[in-house]
Amino acid sequence: MTEKRKRTFQLAFLALLIIGTILIIRHQRTMPYQNNTGMIFGTVYHISYQYDENLEKEIRAELMKVDQSLSPFNESSIISQINRNESDVKTNEMFLSVVQLAQQISKETEGAFDITVAPLVNMWGFGFKKEQTPSKETVDSILAITGYEKISITNGKVIKQDPRIMLDCSAIAKGYGCDVVAHFLKKRDIKNFMVEIGGEIVTRGMNSRKEPWHIGVTKPTEDSLNVGNELQTVLNITDKAMATSGNYRNFYYKDGKKYAHTIDPKTGYPVQHNILSATVLANNCATADAYATSFMVLGLEKAQKVLEHHPELMAYFIYTDENDEYAVWYSPALKDKIVE
């Protein structure tokens, strides 16, 4: 090939490349955003993504895989079968990966996160039952059959030290569900999306206004009916996962005392720390979900110490100070993500 022909070929190739790039950009600008909403894991999901076709059916199928693995409200799910101590329960990759991640975070938080806490949650009236304000003897009896160290996985099978032990992945399943849908969308080469399940979120790219995804952190006012939406701050969480845990919505009063839904797995009692809301940003939502719950159990100082060993995590805490006033602490790395 002569130099002249070679140069002509290179120019032609460059022109095609430029035209192709322009067409792709134009297509992305005109491609619509699909919006899917529904119920899963006992809560609402909202999913927005830029794509030529609506993938609601496929997304729903992905969510049902998680439900079939981890939902205690689904009587045929793997976790329900294990809780009933059925023989020869066949686990799957989803179930095992979540339980293994949960066990890892339990160790790193010294048991503040614990998927065997279900009987304690039920005992205090936040699960399937309503046996509120139990006696110390009742709490102690339930503590005897809880504890993440009392379960293990051998050859894909969950081994319990006591058949009365129950698993509850509610504090990690919503985040994991977000990760599963996000992975599905990425496999479709979808560049712009937001997946939200019950307040846990994964984002990528831009929203329909061609802006980064901005997500609000709700001010923790007592709101058991979930009607208040006053924001404490707004965060830029593009290409990140975010989860929030708080005691300001799920609680009840009895005999003049407030009982919040976050149970300390070590004491068996609702936590009485000063953190009102813990928001965590991580590379995946299951991790963010679990740590948000852990930090609510640990309290401000212990949560800060855990964060020192995990630079991959960022946290935003709303708490009450010594004057019983709202105060905020956040990871230094989070400063650039605070929009307002």
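Draft legend 1. Local environment of the overall build of the protein chain. Per the secondary structure count, the protein chain includes 9 helices and 14 strands. Counting all 340 residues of the protein chain, 50% fall into the buried class. Of the accessible surface of the protein chain, which amounts to about 17,900 Å², a share of 52% is contributed by carbon and sulfur atoms.

Draft legend 2. Just the pattern of salt bridges, in detail. Tallied over the full model, the rule gives 7 salt bridges. With its nearest N and O atoms 3.1 Å apart, the salt bridge here joins Glu 62 to Lys 65. Taken together, the positions of Glu 62 and Lys 65, both in helix α2 (residues 56-70) and 3 residues apart, correspond to about one turn of that helix. Where Glu 200 meets Lys 174, a salt bridge forms, and the shortest distance between an N and an O atom there is 3.7 Å.

Draft legend 3. Structural context of helix α4 (residues 93-108). Between its terminal C-alpha atoms α4 stretches 22 Å, which fits the 22 Å expected from 16 residues at 1.5 Å a residue. Looking only at α4, the buried set comprises Met 94, Phe 95, Leu 96, Val 98, Val 99, Leu 101, Ala 102, Gln 103, Ile 105 and Ser 106. Taken together, the buried residues of α4 touch α2, α3 (78-83), β3 (151-154), β4 (157-160), α7 (170-187) and α8 (285-298). With a side-chain oxygen positioned 3.3 Å from the backbone nitrogen of Met 94, the residue opening α4 is Asn 92. Where α4 ends, the next residue or the one after it, Glu 110, has phi of about 55°, a positive value.

Draft legend 4. Expanded view of unusual backbone geometry. Its identity as a non-glycine residue notwithstanding, Glu 110 has a phi of 55°, on the positive side. If you trace the backbone, Glu 110 turns up in the loop between α4 and α5 (118-123). Backbone geometry places Asp 239, a non-glycine residue, at a positive phi of 65°. Along the chain, Asp 239 falls in the loop between β8 (231-236) and β9 (241-246).

Draft legend 5. Broad picture of the nonpolar core. Counting residues in each nonpolar core, the largest one holds 72 residues, and the members touching the most others are Tyr 49, Ile 59, Phe 95, Ile 172, Leu 185, Phe 295 and Phe 317. For this core, the leading source of residues is α8, giving 10 residues. Excluding residues within four positions of it along the chain, Phe 95 makes contact with Ser 69, Leu 70, Ile 78, Ile 79, Ile 82, Val 158 and Leu 167. In terms of nonpolar packing, the next biggest core, distinct from the first, is built from 14 residues, Val 217, Leu 235, Leu 281 and Met 314 among them.

Draft legend 6. Local environment of the packing of aromatic side chains. All told, the structure shown has 4 aromatic pairs when counted by the stated rule. For the ring pair Phe 295 and Phe 317, a centre distance of 5.6 Å and an interplane angle of 85° mean the geometry is edge-to-face. Placement of Phe 295 in helix α8 and of Phe 317 in strand β13 (residues 314-320) is noted, with a sequence separation of 22 residues between them. Of the two residues, Phe 295 and Phe 317, neither departs from the other in class, the shared state being buried. Ring geometry for Phe 317 and Trp 329: centres 5.6 Å apart, planes at 20°, overall stacked.

Draft legend 7. Main features of the sheet that holds strand β6 (residues 200-204). Strand order in the open sheet formed by 8 strands is β1-β2-β5-β6-β9-β12-β13-β14, and the pairing between neighbours is antiparallel. What marks the edges here is a single partner per strand, and that holds for β1 (33-40) and β14 (326-330). Looking at each pair of strands side by side, their axes are set apart by 10° on average, direction ignored. The sheet strands contacting α8 are β6, β9, β12 (275-282) and β13, and the helix crosses β12 at an angle near 155°. Strands β12, β13 and β14 of the sheet are contacted by helix α9 (residues 300-308), whose axis makes an angle of about 170° with β13.

Draft legend 8. How the structure looks around the environment of Leu 101. Note that Leu 101 resides in helix α4. Through-space distance from the C-alpha of Leu 101 to that of Ala 290 is 9.1 Å; in sequence the pair is 189 residues apart. Excluding anything up to four places from it in sequence, Leu 101 contacts Ile 172, Ala 286 and Thr 287.

Draft legend 9. The arrangement of the pairing of β14 in detail. Sheet analysis places β13 next to β14, joined by 5 bridges and oriented antiparallel. Directly across from Tyr 316, in β14, lies its bridge partner Tyr 330. Following β13, the chain reverses through 5 residues before pairing antiparallel with β14; Asp 324 in that reversal takes a positive phi of roughly 65°.

Draft legend 10. Focus on the environment of Gly 177. By the secondary structure assignment, Gly 177 is in helix α7. Classification of Gly 177 by relative accessible area gives buried; the value is 0%. A sequence separation of 110 residues divides Gly 177 from Asp 67, and the C-alpha atoms of the two residues are 8.5 Å apart. Apart from the residues lying within four places of it in its own chain, the contact partners of Gly 177 are Phe 41, Leu 63, Val 66 and Ile 197.

Thresholds, definitions, all that
- Residues numbered from 1 in each chain as written.
- Predicted model: local features only at pLDDT ≥ 70, side-chain atom pairs only at ≥ 80, totals over all residues.
- Heavy atoms only, no water.
- Helix = DSSP H or I, 4+ residues; strand = E, 2+ residues; numbered from the N terminus.
- Buried < 20%, exposed > 50% of the residue type's maximum accessible area, 1.4 Å probe, protein only.
- Areas by Shrake-Rupley, 256 points an atom, 1.4 Å probe, with all protein chains shown as cover.
- Salt bridge = Lys/Arg side-chain N within 4 Å of Asp/Glu carboxyl O.
- Expected span 1.5 Å × (residues − 1).
- Contact = heavy atoms within 4.5 Å.
- Polar contact = N/O pair within 3.5 Å; in protein donor to acceptor, adjacent residues only side chain to side chain.
- Core = buried A, V, L, I, M, F, W, Y, C linked by side-chain atoms within 4.5 Å.
- Phe/Tyr/Trp six-rings, centres within 6.5 Å; stacked < 30°, edge-to-face > 60°.
- Pairing = 2+ DSSP bridges.
- Axes fitted to C-alpha atoms, helices over the stretch in contact; angles between N-to-C directions.

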